[in-house]
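Below are the chains, spelled out letter by letter.
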Amino acid sequence: MPRPRSHPAYHPNSLWGLQWAVSSLRAPRWPLALMTVGPSPFQLPSLPGTLLPNILCGNQACWPHTVLLATAKFLLLCSQCSTSRGTFMKEKAATSFLLCSQNPLSWVLCTLQQRSHGCKQRFEAERGGPAIACSPTPISRLLGSESDPDQAAHSTDGQERGPRRHPGCWKMLTVAMCMALLGCLQAQELRGHVSVILLGATGDLARKYLWQGLFQLYLDEAGKDYSFSFHGAALTSTKQGQAFVAKVLESLSCPEDVAPDRCAELKGQFQRLSAYRHLATSEDYVALSKDIEAQVQHGGLREAGRIFYFSVPPFAYADIARNINSSCRPGPGAWLRVVLEKPFGHDHLSAQQLATELGGFFREEEMYRVDHYLGKQAVAQILPFRDQNRKALDGLWSRHHVERVEIIMKETVDAEGRTSFYEEYGVIRDVLQNHLTEVLTLVAMELPHNISSSESVLQHKLRAFRALRGLQKGSAVLGQYQAYSEQVRREQQRPDSFRSLTPTFAGVLVHMDNLRWEGVPFILMSGKALDERVGYVRILFRNQAYCVLSDERWVADQSQCLPRQIVFYIGHGELGSPAVLVSRNLFRPSLPSESWKELGARPGLRLFGRPLSDFYAYRPVREQDAYSVLISRIFHGRKDSFVTTEHLLASWGFWTPLLDSLAHEVPRLYPGGAENGHLLDFEFGGAQLCFSQQQPEQLVPGPGPAPMPSGFQVLKAKYRESPLISAWPEELIAKLADDIEATAVRAVRRFGTFHLALSGGSSPVPLFQQLATRHYGFPWAHTHLWLVDERCVPLWDPESNFQHLQTHLLQHIRVPYYNIHPMPVHLHQRLCAEEDQGAQTYASEISALVANSSFDLVLLGMGADGHTASLFPQSPSGLDGEQLVVLTESPSRPFQRMSLSLPLINRARKVAVLVMGRVKREITMLVSRVGHEPKKWPISGVLPSSGQLVWYMDYEAFLG
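Rules used in this analysis
Residues numbered from 1 in each chain as written. Predicted model: local features only at pLDDT ≥ 70, side-chain atom pairs only at ≥ 80, totals over all residues. Heavy atoms only, no water. pLDDT = per-residue confidence, 0-100. Contact = heavy atoms within 4.5 Å. Helix = DSSP H or I, 4+ residues; strand = E, 2+ residues; numbered from the N terminus. Expected span 1.5 Å × (residues − 1). Buried < 20%, exposed > 50% of the residue type's maximum accessible area, 1.4 Å probe, protein only. Polar contact = N/O pair within 3.5 Å; in protein donor to acceptor, adjacent residues only side chain to side chain. Axes fitted to C-alpha atoms, helices over the stretch in contact; angles between N-to-C directions. Parallel < 35°, antiparallel > 145°, perpendicular 65-115°, else oblique. Left-handed = near helix turned anticlockwise from the far one by under 90°. Core = buried A, V, L, I, M, F, W, Y, C linked by side-chain atoms within 4.5 Å. Salt bridge = Lys/Arg side-chain N within 4 Å of Asp/Glu carboxyl O. Phe/Tyr/Trp six-rings, centres within 6.5 Å; stacked < 30°, edge-to-face > 60°. Disulfide = S-S within 2.5 Å. Pairing = 2+ DSSP bridges. Bend = angle between axes of the 7 residues up to and from the residue.

Brief notes about the confidence of the model for the protein chain
- Of all residues in the protein chain, 78% have pLDDT values of 70 or greater, and the mean over the chain is 82.
- Long-range and interchain partners of residues 184–190, a stretch whose pLDDT sits below 50, account for 17 contacts in this model, where long-range means more than four residues apart.
- Predicted confidence is poor over residues 697–712, with pLDDT under 50, and the contacts of this stretch with residues over four places away or in other chains come to 20 contacts.

Some points on helix α10 (residues 282–298)
- The end-to-end C-alpha distance of α10, which contains 17 residues, comes to 24 Å, matching closely the 24 Å that a straight helix rising 1.5 Å per residue would cover.
- At its buried positions, α10 is contacted by β5 (192–199), β6 (226–234), β7 (274–278), β8 (303–310) and α11 (317–327).
- Directly after α10, the chain includes G300, whose backbone phi takes a positive value near 65°.

Re the environment of R329
- Position of R329 relative to the elements: it lies in the loop between α11 and β9 (335–341).
- Under the relative-accessibility criterion, R329 is labelled partly exposed at 25%.
- Sequence separation between R329 and R306 is 23 residues, and the spatial gap between their C-alpha atoms is 7.9 Å.
- Excluding anything up to four places from it in sequence, R329 contacts S289, R306, I324, L336, F361, F362, R363 and E366.
- A distance of 2.8 Å separates polar atoms of two side chains, one belonging to R329 and the other to N325.
- Within the local environment of R329, its side chain forms a polar contact with the backbone oxygen of F361, the two atoms lying 3.0 Å apart.

Overview of the packing of helix α21 (residues 729–751) against helix α22 (residues 765–774)
- Interhelical geometry of α21 versus α22 gives an angle of 60° and a closest axis separation of 9 Å. Here α22 runs oblique to α21, going by the angle between their axes. Read as a crossing pair, α21 and α22 show a hand that is right-handed. Of the residues in α22, those in contact with I733, A734, L736, A737 and I740 of α21 are P766, L767, Q770 and L771.

With respect to the nonpolar core
- Counting 124 residues, the largest nonpolar core has L199, F310, L432, F522, I566 and W655 as the members making the most contacts within it.
- The element that contributes the greatest number of residues to this core is helix α16 (residues 419–444), accounting for 11 residues.
- Aside from chain neighbours lying at most four places away, what touches L432 is V427, T437, A506, V508, L524, S526 and W655.
- With 78 residues, the next largest nonpolar core counts Y842, L879, V942 and W951 among its residues.

Examining the pattern of salt bridges
- Tallying each qualifying case throughout the model produces 34 salt bridges.
- Between D204 and R207 there is a salt bridge, and its shortest N-O distance comes to 2.5 Å. Of this pair, D204 and R207 both sit in helix α7 (residues 204–221), 3 residues apart, roughly one helical turn.
- Its salt-bridge partner being D319, residue R322 comes within 2.9 Å of it at the nearest N-O pair. Taken as a pair, R322 and D319 lie in helix α11 at a separation of 3 residues, close to a single helical turn.
- Taking relative accessible area as the criterion, R322 reaches 39% and is therefore assigned partly exposed.
- Its relative accessible area of 48% is what places D319 among the partly exposed residues.
- A single network of salt bridges, built from pairs that share partners, joins R329, R363, E365 and E366.

Quick notes on the packing of aromatic side chains
- Under the definition given, this model contains 28 aromatic pairs.
- Ring geometry for Y719 and W951: centres 4.8 Å apart, planes at 70°, overall edge-to-face. Of the two residues, Y719 sits in strand β25 (residues 715–719) while W951 sits in strand β37 (residues 948–954), which places them 232 residues apart along the sequence.
- On the basis of relative accessibility, which here comes to 4%, the residue Y719 falls in the buried class.

Remarks on the packing of helix α17 (residues 454–466) against helix α20 (residues 645–661)
- Running from amino to carboxyl end, α17 crosses α20 at an angle of 15°, the nearest separation of the two axes being 10 Å. When the interaxial angle is binned, α17 and α20 end up roughly parallel. Crossing of α17 against α20: the hand is left-handed. Residues L458, K461, L462, F465 and R466 of α17 touch α20, and the partners they reach there are E646, H647, A650 and S651.

Let's talk about the state of the cysteines
- Following the criterion strictly, the structure yields 2 disulfides and no others.
- In this model C254 forms its disulfide with C263; the gap between the sulfur atoms is 2.0 Å. What sets the handedness of the C254 and C263 disulfide is the S-S torsion sign, and at about 90° it is right-handed.
- Here C792 is linked by a disulfide to C832, with a sulfur-sulfur distance of 1.8 Å. Across the S-S bond linking C792 and C832, the dihedral sits near -90°, which makes this disulfide left-handed. Within this pair, whereas C792 is found in the loop between β29 (789–791) and α23 (801–808), its partner C832 is found in the loop between β32 (830–831) and α24 (838–849), the two being separated by 40 residues in sequence.

Some words on the pairing of strand β24 (residues 688–691)
- The side-chain alternation of β24 yields one buried face, formed by L689 and F691, and one unburied face, formed by Q688 and C690.
- Sheet topology places strand β23 (residues 682–685) next to β24; 4 bridges connect them, and they run antiparallel. If you follow G685 over to β24, its bridge partner there is Q688.
- In this antiparallel pair of consecutive strands, β23 and β24, the connection spans 2 residues, and G686 shows a positive phi of 65°.

Notes on the sheet that holds strand β34 (residues 885–889)
- If you walk across this open sheet you meet the 3 strands as β29-β35-β34, and the pairing is antiparallel. Taken across any chain shown, the strands that pair with only one partner, and hence form the sheet edges, are β29 and β34. The mean inter-strand angle of the sheet, taken between neighbouring strand axes irrespective of direction, is 25°.
- The sheet contacts of α24 involve β34 and β35 (896–900), and relative to β34 the element is tilted by about 145°.

Observations concerning the sheet that holds β25
- With respect to topology, 8 strands assemble into an open sheet ordered β25-β26-β37-β36-β33-β27-β28-β30, the strand pairing being mixed. Lying at the two open borders of the sheet, with one neighbouring strand each, are β25 and β30 (820–821).
- Relative to strand β28 (residues 783–787), strand β27 (residues 754–758) runs parallel, the two sharing 5 bridges. Looking at the pairing, L756 lines up with L785 of β28.
- Contacting β27, β28 and β30, α24 crosses the sheet at an angle of about 155° to β28.

Some points on the side chain of S195
- Its place among the elements puts S195 in strand β5.
- If we skip the residues at most four places from it in the chain, S195 touches S229, H231, I292, E303, G305, R306 and I307.

Points about unusual backbone geometry
- Of note, the bond from K342 into P343 is cis; its omega dihedral lies within 30 degrees of zero at 10°.
- Tracing the sequence through the fold places P343 in the loop between β9 and α12 (348–359).
- Along the chain, R893 connects to P894 via a cis peptide bond; the corresponding omega equals -15°.
- Assignment of secondary structure puts P894 in the loop between β34 and β35.
- Despite not being glycine, C832 shows a phi value in the positive range, around 55°.

Some points on the environment of S274
- Looking at the secondary structure, you find S274 in strand β7.
- With 42 residues separating them in the primary sequence, S274 and G232 have C-alpha atoms 7.3 Å apart.
- Other than its neighbours up to four places away in sequence, S274 contacts W211, F230 and L249.
- There is a polar contact of 2.8 Å between the side chain of S274 and the backbone oxygen of F270.

Comments concerning α7
- Given a rise of 1.5 Å per residue, 18 residues ought to cover 26 Å, and the 26 Å separating the end C-alpha atoms of α7 matches this to within 8%.
- Helix geometry: α7 is bent most strongly at L210, by close to 40°.
- All of the buried residues along α7 are A206, L210, W211, Q212, G213, L214, F215, Q216, L217, Y218, L219 and E221.
- One or two positions beyond α7, positive phi appears at G223, with a value near 85°.

Okay, structure coming up:
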């Protein structure tokens, strides 16, 4: 009922007002009162008393008004206690920290009661009488308000005892009341019932990991602010499903630090809270929702939310999502979290389609895509480690000090029993596109100021994705264990002649295009049937020291000549457990002592070529399964441990071009296990990756030993009456690069400059990389670079030929910027508009700078339809006439192109045509037989009038 304005509760300086406001909480149906403390009021929301939180303190129920009464009592005593203020201020910081714990009010209550009791004892000892009488003393006077005209207190005997005001007491009261009230409101918000529905509850993943993860969630949260129910669901019949789930529940285990009796008790509770149901039709989902609602109402609970864990194949997602959205969403005020397991698509297009479909049923914040590697303890420690050691790492974590980063996952098992999945996905889609790429972003991303902010972490990860440099065919090496094709034939009833091209091993070289990581190689590698099972992230630092003492005298924590590295050891291997390793000659790391502890001595154990004693080594205090970690984070709504739609599409956008380019690549065969020897070792230079050992190959299968590539290094012959050079791809590119450099040196010596026109497409990319990384004597300072053709897209577009040139060549060499001549396809904010006269502008530039408009060397390619540059069959543009540069139409996107004309190409002193790949075999044979027919086969019109034409073909294009 309303109170009159004269009531003491409204009096701003009345201690009675505070006491009445607190005592009013005892009425179970009365609203919280307006409480005023000195000049500052606290307005609390009007809430029914039955909704006030019941915070558990062991077996005791501590109501919020009890805390407020204790707070008021404590502060009242402290206002007259000379020693209490300093003690309380010391504890205030601890109070603000512990408010984040599960039961904040219980701690506040106990602290305040203990402090008030101690204060009361000291007061009585000093005064020799009762602690205080609750008289209607104005609070402002009691607390010593600044506005109080009384500056001193006097005793009854007239002696002055000094100032009685305590300026910090009002602040103490404010802090304590705010903390107590905040805890009350927070606790009320958190209480509720959570239903977990495990879809695919009888599957292999659920049996091995998910039921145990749900049990661990219950162990962690039992007795706190939530109640739970667990619903296993599948298409399996009710009787079979119940038997399966009962068996799985019986096999659940507790952590080692849980006493057996306590474990049995909690396990029994979990079993009683878990049930299986057949879930197939929309009616089944309606019934499930009604059962959950009835359970909540029967228990007098509030529904907090529902978790649906999709442990089912992706093709089932849409139907399940539709049923959940239409029939099984929780009511208003409760959250929904939908957990999705990989694979999330097969490529960028399929991932986008799946994301769009799911986006029609769920909001982004409701979807949690699981990458279980993010739950691995060593992986989950990467960002906290970087944050806690920020000061030590700030000067080290960059291209100036990091030599390379290795992200590795090796397996000893093969794909037997899973070949249907593996044939569709392969090792890159199964491991590298998701697990290893997610780890890469954690290492390479800029570190947010606040790593506890999910939004900030996700934004920085997305920026790291966008900084990944595009992959080319030469960025990867592939392998396949020898028994794989036979396993596929047996499990999928394929004919005896079937030979799979699916890789079971892959190594990929990745680079970042940003200032922090430019030039640092990130090596991603994974494979099956290898020599050991191990996973790790290894950051190897440059070593620029020279030590005069012999290596026998090097001391691990002093010598800078020893390797310097940080390793996040994901698991298995020699250590057998997750670990964080830091070389002793780097720094002593800081890790949270409550969750990580130092590894004991392991004499004789060596890691990465060094004894374990060379490292500061830490392991988890308690090992946790990755799914247990992730299920807990789902429950607590930590989105930064999961893959968002933006991250998913960014990852597929990065990997899909490489996967497309490798679709027909034959992987290297390896025997498996320790017998692999050095067959899968690989090395890198620039952006190229290749096996260290050449594998014997045959040009034409037949009896006898296969010839080695060295026997076919360079084959010189004639093709269309012009010189032909043929070799394996690596030797061919090396030969062409040598020839271009020799031509450049001669031109600079003779004319002072070298004019080189380069075509676009994928074929020249290995050449650009070879020139950038292997030809340090190239006269770049005197070289002018021109484009043979360009797509009508902005120069920064990934499809731009100039962008390819920039990515693979220009950014790695020192060529004057005024010597670089991109085609002007983007003028006046338009692309290849004839009225902008871009072609005429480029022709004028060539005429002004290139003597007689004769390039020293023009590099061309040959398309599968016989086109060259951007001169296409059945298109008259550029095949004859006086124009030097023309606009043309392509049969494929982007349709508009700009190209040097055939007459201008034929003015060159030398023309090199590079043809690579088995897909060019047919057109190579065809063009070898045709005459001069540029309208049908534009490449046939290439014949320099006073220069030289040389063909460069690899064996696959020349011999098939």
